[in-house]
Amino acid sequence: MAQAHLLRRRRVVAPLLPPQDLAADQEHLRGTTYLINGQQRLSFGSNDYLGLSQHPMVIAAAQQAASRYGVGATASPLVCGHSPAHEALEEELARLVGLPRALYFYAGYAANVGLVPALVGKGDAIFSDVLNHACLIDGARLSRADIHVFAHRDLNALAQALAESTAERKLVITDAVFSMDGTIADVPALLTLCEQHDAWLLIDDAHGFGVLGAHGEGALAHWGIATMDGVAPAWQGRLDRLVYMATLGKAAGVAGAFVAGHPDVVEWIMQKARTYMFATAAPAMIAEALRASVGLIATEGWRRTHLASLREQLRTGLAQAVPWDLWPSDTAIQPLVIGRNEAALLVMGALDRSGVWVPAIRPPTVPKGTARLRISLSSAHTEGQVTQLIEALVEAAR
Ligand SMILES: *Cc1c(COP(=O)(O)O)cnc(C)c1O
């Protein structure tokens, strides 16, 4: 692995200063500036797209909940780990995404690995986008259903595979926003195709929730399917076999994930998903931190506006200024494709020396020959910090 430049090393990372000690003139450090292996770095590596992981209200909610509930949840949610905090969180999540019911999982990985086998099994068929996240793939494998992989966002290929399938139950699985590319799946077209072929649809909105939609509702709101105000008239009665999943450790800045959809489907998942039944619940303090963060997602639209303007600044600033391709993306994920693994590592190293940290992403996480810098923007960044990134990239190119 080392010879193929594939060896991964962990960095030891901490906020430069404790978030609760930041003075007014140090706000630009919050959620942006870290000690990485002991060195101060401006980071474009986290999925903290809205800068909520260090928000004072989110921190305070966790602290107060620790005082109220203690620290550990002590058991599986189905035994005695489900608190009033978890109960309220699920109601608030369902309300935000405009679907009837939600179920909170302690991690997104666990949610997908539990969900897919709860929905399909031996003799059924799964249709999976080639760029899907590892945990959708693992969930699919664990289900023992037949797996048909289709080219990235290729709806014609998907339609053909669905038409040819004789499986009793069919499930299409896809990222809503692809984690290494920032591309957005065409959810209305997928839903329509699934209707035509009597299939279920599972979308994983890990990178859309909080970022897309006027109130951060995610991919469904982006496509006008469902919002905080409920299901759009054109889609009413047509979402019974949609399973919406999003994670809460990214834009929401905390940890965990949720599944939302028709109440019977969510109930079924709660009864059947082994990763829900046989794992200790997330601590109530995490649920309370999430309630604070979900409130901020819904009400602070300026975070999404600011993020969009930083994205424009980056895209304009890099066009023509560096020899690498910034692939199109309307999300917080901006993939700067370098090509060879070694070259991507060299650029990452050059940025690091100028005080900016952007992770290089290599195969198998991305296809061979498309090693890239995965620039991830956050509403915590300032315009000045994005300028610093652009200048560091131009310098690295030179
Ligand atoms: C991060 C991620 C997950 C896993 O979620 P965790 O809460 O980190 O376990 C699932 N799906 C996608 C698309 C992701 O990017």
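Residues numbered from 1 in each chain as written. Predicted model: local features only at pLDDT ≥ 70, side-chain atom pairs only at ≥ 80, totals over all residues. Heavy atoms only, no water.

**Focus: the pattern of salt bridges**
Then step 1. For the structure on display, the rule yields 12 salt bridges.
Then step 2. Between E195 and R238 there is a salt bridge whose closest N-O contact spans 2.6 Å. Of the two residues, E195 is situated in helix α7 (residues 187–196) and R238 in the loop between β10 (230–231) and β11 (242–247); the sequence distance between them amounts to 43 residues.
Then step 3. Judged by its relative accessible area of 30%, R238 is partly exposed.
Then step 4. Between R340 and E342 there is a salt bridge, and its shortest N-O distance comes to 3.9 Å.
Then step 5. Among the ionic contacts, a cluster of salt bridges with common partners joins E92, E288 and R291. (Salt bridge = Lys/Arg side-chain N within 4 Å of Asp/Glu carboxyl O. Helix = DSSP H or I, 4+ residues; strand = E, 2+ residues; numbered from the N terminus. Buried < 20%, exposed > 50% of the residue type's maximum accessible area, 1.4 Å probe, protein only.)

**What about the domain arrangement of the chain?**
Then step 1. Taken as a whole, the chain is organised into domain 1 (13–50 + 301–397) and domain 2 (58–299).
Then step 2. With centres defined by C-alpha atoms, the gap from domain 1 to domain 2 works out at 27 Å.
Then step 3. Contacts between the two partners involve 23 residues from domain 1, matched on the other side by 25 residues from domain 2.
Then step 4. Regarding the contact of domain 1 and domain 2, the summed buried area is about 1,700 Å², with carbon and sulfur atoms giving 59% of it.
Then step 5. Counting every contact that joins domain 1 to domain 2 gives one salt bridge.
Then step 6. The salt bridge involving D181 is made with R372; its shortest N-O contact spans 3.3 Å.
Then step 7. Linking domain 1 with domain 2 are 12 residue pairs in polar contact (both at pLDDT 80 or more), by the criterion used here.
Then step 8. When contributions to the side of domain 1 that touches domain 2 are tallied by element, the ones reaching two or more residues are α12 (302–318), β14 (333–339) and β17 (371–376). (Domains from an automatic or database assignment. Contact = heavy atoms within 4.5 Å. Buried area = accessible area lost by both parts, 1.4 Å probe. Polar contact = N/O pair within 3.5 Å; in protein donor to acceptor, adjacent residues only side chain to side chain.)

**Digging into the site of the ligand**
Then step 1. The environment of the ligand is formed by 13 residues, the closest being G108, Y109, D204, H207 and K250.
Then step 2. Contact with the protein chains hides 82% of the accessible area of the ligand, taken as 370 Å² for the molecule alone.
Then step 3. By residue class, the composition of the shell around the ligand is four nonpolar, six polar and three charged. (Near = heavy atom within 4 Å. Areas by Shrake-Rupley, 256 points an atom, 1.4 Å probe, with all protein chains shown as cover. Nonpolar A, V, L, I, M, F, W, Y, C, P; charged D, E, K, R; others polar.)

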